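Spelled out, the chains give:
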Amino acid sequence: MALITNVSDYEELAKQKLSKMVFDFYASGAEDQWTLKENREAFSRISFRPRVLIDVSHVNMSMSVLGYNISMPIMVAPTALHKLAHPEGEVASARAAAAAGTIMMLSSWSSCSIEEVNLSGPGLRFFQLSVFKDRNFVQQLVRRVEDAGYKAIAVTVDAPRLGRREADIRNRFALPENVVLKCFEGLDLSSMDKANVSGLAAYVASQINSSLSWKDIKWLQTITQLPILVKGVITAEDARIAIECGVAGIIVSNHGGRQLDHLPATISCLEEVVGEAKGRVPVFLDGGIRRGTDVFKALALGASGVFIGRPVLFALAVDGEAGVKKALQMLRDELEIAMALSGCTSLKEITRGHVSTEADRIRLSRL
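Residues numbered from 1 in each chain as written. Predicted model: local features only at pLDDT ≥ 70, side-chain atom pairs only at ≥ 80, totals over all residues. Heavy atoms only, no water.

The protein chain has the name (S)-2-hydroxy-acid oxidase in an unreviewed UniProt entry, where Urochloa decumbens is given as its organism. UniProt lists a comment for the protein chain under the heading Cofactor (unreviewed entry), and it reads "FMN". Here the protein chain is described in UniProt, under the heading Catalytic activity (unreviewed entry), as follows: "glycolate + O2 = glyoxylate + H2O2". (UniProt positions renumbered as here; feature names shortened; annotations may be inferred.)

Mapping Ala159 onto the fold places it in the loop between β7 (153-156) and α7 (166-171). Residues Ala159 and Val274 lie 115 residues apart in sequence; the distance between their C-alpha atoms is 22 Å. Other than its neighbours up to four places away in sequence, Ala159 contacts Ile208, His255 and Gln259. (Helix = DSSP H or I, 4+ residues; strand = E, 2+ residues; numbered from the N terminus. Contact = heavy atoms within 4.5 Å.)

Before going further, it helps to spend a moment on the layout of surface pockets. Space inside the largest pocket adds up to approximately 990 Å³. In terms of lining, the largest pocket is formed by 47 residues, of which the most central are Phe25, Ala80, Arg165, His255 and Arg258. Secondary-structure elements contributing two or more residues to the lining of the largest pocket are α2 (20-27), α7, α8 (200-206), β11 (305-308) and α13 (310-342). Here the residues of the lining of the largest pocket are counted per class, giving 25 nonpolar, 14 polar and eight charged. In this structure, the second largest pocket spans a volume of roughly 360 Å³. Looking at the second largest pocket, it is lined by 19 residues, and the ones nearest its centre are Val157, Asp158, Pro160, Gly232 and Asp238. Classifying every residue of the lining of the second largest pocket by side-chain character gives ten nonpolar, six polar and three charged. (1 Å grid on protein atoms, 1.4 Å probe; cavity = no way out; pocket = protein on both sides within 12 Å on 5 of 7 lines; lining within 4 Å. Points joined across faces, edges and corners; volume = space filled by probe spheres on them. Nonpolar A, V, L, I, M, F, W, Y, C, P; charged D, E, K, R; others polar.)

A separate point is the packing of aromatic side chains. The tally for this structure, following the rule as stated, stands at seven aromatic pairs. Each ring, one from Phe25 and one from Tyr26, has its centre 5.8 Å from the other, and the planes form 45°; the classification is tilted. Tyr26 shares its class with Phe25; the two are buried. Between Phe132 and Phe137, the aromatic rings sit 5.2 Å apart at their centres with planes inclined by 65°, giving edge-to-face as the arrangement. A relative accessible area of 2% places Phe132 in the buried class. Among the aromatic residues, those joined into a ring-pair cluster are Phe25, Tyr26 and Phe173. (Phe/Tyr/Trp six-rings, centres within 6.5 Å; stacked < 30°, edge-to-face > 60°. Buried < 20%, exposed > 50% of the residue type's maximum accessible area, 1.4 Å probe, protein only.)

So, in C-alpha cells, the structure goes:
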C-alpha cells in the first residue's frame, strides 16, 4: 500500500477500492457541487498570524464537550451507511473514535444499530436524529438512544427534503442486500414492503418530516432529558432562535454540500453564528476539514470543536478500524504542530488574532 501521509490520501485510495456507486454516494454533493468545493477552498483563503518565542514543549489539546472530557477538539460526524465502506461499518468507526478519546456521532442512517455500536466497547457517543413524520417512531428511536447510553442528540435541521445529488441519480443508487438501515430495525414499519430491501432508503427518505419547525425542537425537549443540539444552522438569525429554544449547542453545517448548492462554506459562516451565540452555547463546525490547520482555523474563528465526516468513511474503506484510527491520529498530529508553530500550548490560547481572513484583508486595505 502507498505510504499514507494525510487524510486526503485515503480519498484517492478509497476511489480505487470502492464501486463507483458507493464512492460517488460518499463523495458527491448537490447539483453543481459548488458548495462541496467551497467548503474546502474557503479554508485556503485563511492565513496564519503566528506568535513566536513561546515555550511550546508541552501542547495540550484536551477539552470538554457538554461536560464530557475528550482528548482533542476533533470528533466524528454522523455519516450514513458505513457498511458500504467496510463490513464492520459504524462499529469499527466507533472503536476508532473511542481509541482516540473522542466523540462519535452515530447517524440515523447507520448500517449498524444503536445497540450494536453501544456494545462495540466503551466510548462517548452522540446520536444524530432525522425527525420523521411518525412521532411514535421518533420517540422509539430516542428511547433506544437513551437506553444505550448516548450522551446527546443532534437534530439535523437543514434537510426537510433531500438535496438533488445527481451522481446518485445517474448511478441509480440502491442498497445492496447485505446493507440495511439498522436504526429502523425493531421499529414499527408496518406500512413498508419488507421484501424490497433496497427500497428502504427511498422509504425512509419519504418519511422525513418536511413540516419540521422550531416547535418540534421544543417537543423533543419534552420527550428526553438528553441535551439537544441543532445541526445545520448557518445564520445569526437561526442561531438566535435556537438559543431562545434552549438548545445545548449549535453545529454550523451545510450537510457537506449535499443539500442546497451555493451555500457559503461553513468556515465562512462560523463567525456570524459565534457572534450571535456570545458564548451562551458551544458552536461546532463540520464541512471541508482535511487538515489539522483547518481545525486550528475553525477554533481561532470561535468554534468549540469540529466534526469530520468523509475522511472517516474513506479511511474506513481503505483500512477499516485501523484506517480511521490513523486518520484521527494524523489530524491530531497536524493540529498539535499548527498549535506549536502558532505559539499556542492549549486550546484556550488559540485566538482570533492568530488568523487573517479575506474580510480582515479587505478591511486593512481600506484603511
